[in-house]
Amino acid sequence: MMQSNSTPAVGGELTLGQEALWLIQNLDPECVAYNVTAALSLHFPVDAELMESAVRAAVLDHTLLGSLFGCDDSGRVRRRPAGATAALTERYEPDLDGDELRAFALGLTRRPFDLDREPPIRTALLRRRNAPDILLITAHHIVADNVSQLLLCREILSRYAALREGRAYAALDTGAAFDRFAQRQHAYLASPQADRARRHWQEELRGLSRHTAVPADLPRPDVYRAEGAEVVLDLPPDLVEGLGEAVAAHNVTTFAYLLAVLELLLHRSTGQTDFLVGYPVTQRRGAELRGAIGYFVNTLPLRARIDPDDGFDALLRRTTAGLWRGLLHRDYPFALMPRLVDLPRDPGRPGLITVLFAFNELDTDDPIVAVLEPGREVEHAGLRTAEYHLPQQQGQFELTFQVTRHARTLKATLKYNTSLFTERAALRLAEQYRSLLRSAVTDTLPAALRELIPRSESGSMDTAQTDAGRAARRTRIRDVAAAVFTAEPGAVEAAEDFAQDLDTDSLLAVDFLVELERVFEVSLDVDQIPQLMAGLDSAYETVAESAGW
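Residues numbered from 1 in each chain as written. Predicted model: local features only at pLDDT ≥ 70, side-chain atom pairs only at ≥ 80, totals over all residues. Heavy atoms only, no water.

Trainee: Would you mind going over the nonpolar core with me for this structure?
Mentor: If you look at the biggest cluster of nonpolar residues, it comprises 78 residues, and the most contacted ones within it are Tyr257, Leu262, Phe312, Phe357, Tyr433 and Leu437. Among the elements that make up this core, the one with the highest residue count is helix α8 (residues 254-270) (11 residues). Contact partners of Leu262, with chain neighbours within four places excluded, come to Val277, Val355, Phe357, Phe401 and Tyr433. If you look at the next biggest cluster of nonpolar residues, it comprises 49 residues, including Trp22, Ala48, Val55 and Tyr160. (Core = buried A, V, L, I, M, F, W, Y, C linked by side-chain atoms within 4.5 Å. Buried < 20%, exposed > 50% of the residue type's maximum accessible area, 1.4 Å probe, protein only. Helix = DSSP H or I, 4+ residues; strand = E, 2+ residues; numbered from the N terminus. Contact = heavy atoms within 4.5 Å.)

Here it is, written out as structure tokens:
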């Protein structure tokens, strides 16, 4: 029985995690990477008016969902009520099916939120003539974590059923639980426990000198763009069975084992022996928060330290120990961690964490949770529904490896930033991860991890010569040349001939070299200036040689 959180809310305060999400959205108002979506196929006759009433009641009766977010007179980010006139539901009757319908639905969920002017949640009902209607529930991450997606579905369906049957309905959660959680978070920051956690993370992050060099195959933009896509990583039954046996044999968690394999992939791809991988942890403690809607997530960094002379077992032990140490201090807000590191802020990266690993384990005995199991139709409050899968939360990081356990099966997805990776590169990474996982569970990895890096590789997966990657780099070099030589990006014609006179453009030649070094993160020598100035083909080959493309 779920505990009711119906005590009056104290209201207004945000957690530091929420403040960080608000800042991200305000710095990039078009960002949709933090839109959280639940989409349901409704296998019952839908009364659209009742559904809209159910949505409105669910949102406006909840102090967090029915809020606007903005700065008060003191400059602090606060919540304030959105008001009863806020638009919450849209209705469409698209004459579409299959991929076209899915693209239409996806477009509706990928619209940015103006958190200062509109509630952080919107719904859309897609009416269909000869097929089940579809309900889209999209919220900003500032008010909803992944568990909240399911709780929102449950709340709306429960209210709809009550309205249809003409009976009263008492909300299980009005937002009071989250308000108390936010107050405890602020009290924690002034406590000795928080000071101990700060010292732990400061020591854990001490000496970190480089960001995780994610193996991209496209030139890195000057400013990070939170845009992405995903590929499915197939884990066949025999591999899942072998994973279970390996986890039991090593007496570790599935999470730790899969994360250690990801560390192997990153080490093999980059040659780095000291880097960070992030992982989300829930802050839902106790019965009160189990059924509460809100943002109850913190991100923690795992310091991956690879000894090339060690084997996988030693890495797995270090990973497990690092996870346990981190979980002891999991309440320290990730938003405060960048100031504990002597690592310059790079606007071309998403932040301190560039690669995230997420592992979700679903309780499929709960009908609403079970709806996420592919192909399964479930019943809640007398209403039959199924998941209408839509990708979401893409581009928050350069790479996100996400694994979800459904009963005895595992569903794995690799989300990748599309300004850094082509689909072909993402598929290659996914395949390499699966190959390393199979080698780990069959105990066929080399005795020393250094043997994972072939002699022909320079330590970067950027060596992949995809046509898309090569074309993008050439275009970027041409744009750099245009910016330097004409001060007008794009002014160099598609003829790709920007050969310059060294006698008259010697200063610009040096500027060109410096800008190429910055954009492509390579080291060039002044002796290479004549080749750089000889035209696009020559400049590309010169940069490619230095970058190891």
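That covers the picture; the talk isn't over yet.
Trainee: Help me out: how do you make sense of the packing of aromatic side chains in this one?
Mentor: Each aromatic ring pair is specified by the distance between its two centres and by the angle formed by the two planes. One pass over the full model with this rule turns up 9 aromatic pairs. Measuring from centroid to centroid gives 5.7 Å for Phe44 and Tyr160, while their planes differ by 45 degrees, and the two rings are tilted. Of this pair, Phe44 sits in the loop between β1 (35-42) and α2 (48-60) while Tyr160 sits in helix α4 (residues 146-165), and the two are 116 residues apart along the sequence. We classify Tyr160 as buried; its relative accessible area is 1%. Put simply, the rings of Phe178, Phe181 and Phe296 touch in pairs and so form one group of aromatic residues. Over the face of the ring belonging to Tyr540 we find Arg474, whose NZ or CZ atom lies 5.8 Å from the ring centre. (Phe/Tyr/Trp six-rings, centres within 6.5 Å; stacked < 30°, edge-to-face > 60°. Lys NZ or Arg CZ within 6 Å of the ring centre and 35° of its normal.)

Trainee: Got a minute to help me understand empty space enclosed by the protein in this structure?
Mentor: The gaps of empty space that remain are located by a probe, the size of a water molecule, rolled over the atoms. Throughout the structure, instances matching the rule amount to 1 cavity of 30 Å³ or more. In this structure, the largest cavity occupies an estimated 40 Å³ of space. Around the largest cavity, the lining residues are Glu90, Leu108, Thr109, Arg111, Arg122, Thr123, Ala124, Leu136 and Thr138. At the level of secondary structure, the elements contributing two or more residues to the lining of the largest cavity comprise α3 (98-109), β5 (121-126) and β6 (133-140). Looking at the lining of the largest cavity, the element that brings in the most residues is β5, giving 3 residues. Its residues placed into classes, the lining of the largest cavity shows 3 nonpolar, 3 polar and 3 charged. (1 Å grid on protein atoms, 1.4 Å probe; cavity = no way out; pocket = protein on both sides within 12 Å on 5 of 7 lines; lining within 4 Å. Points joined across faces, edges and corners; volume = space filled by probe spheres on them. Nonpolar A, V, L, I, M, F, W, Y, C, P; charged D, E, K, R; others polar.)

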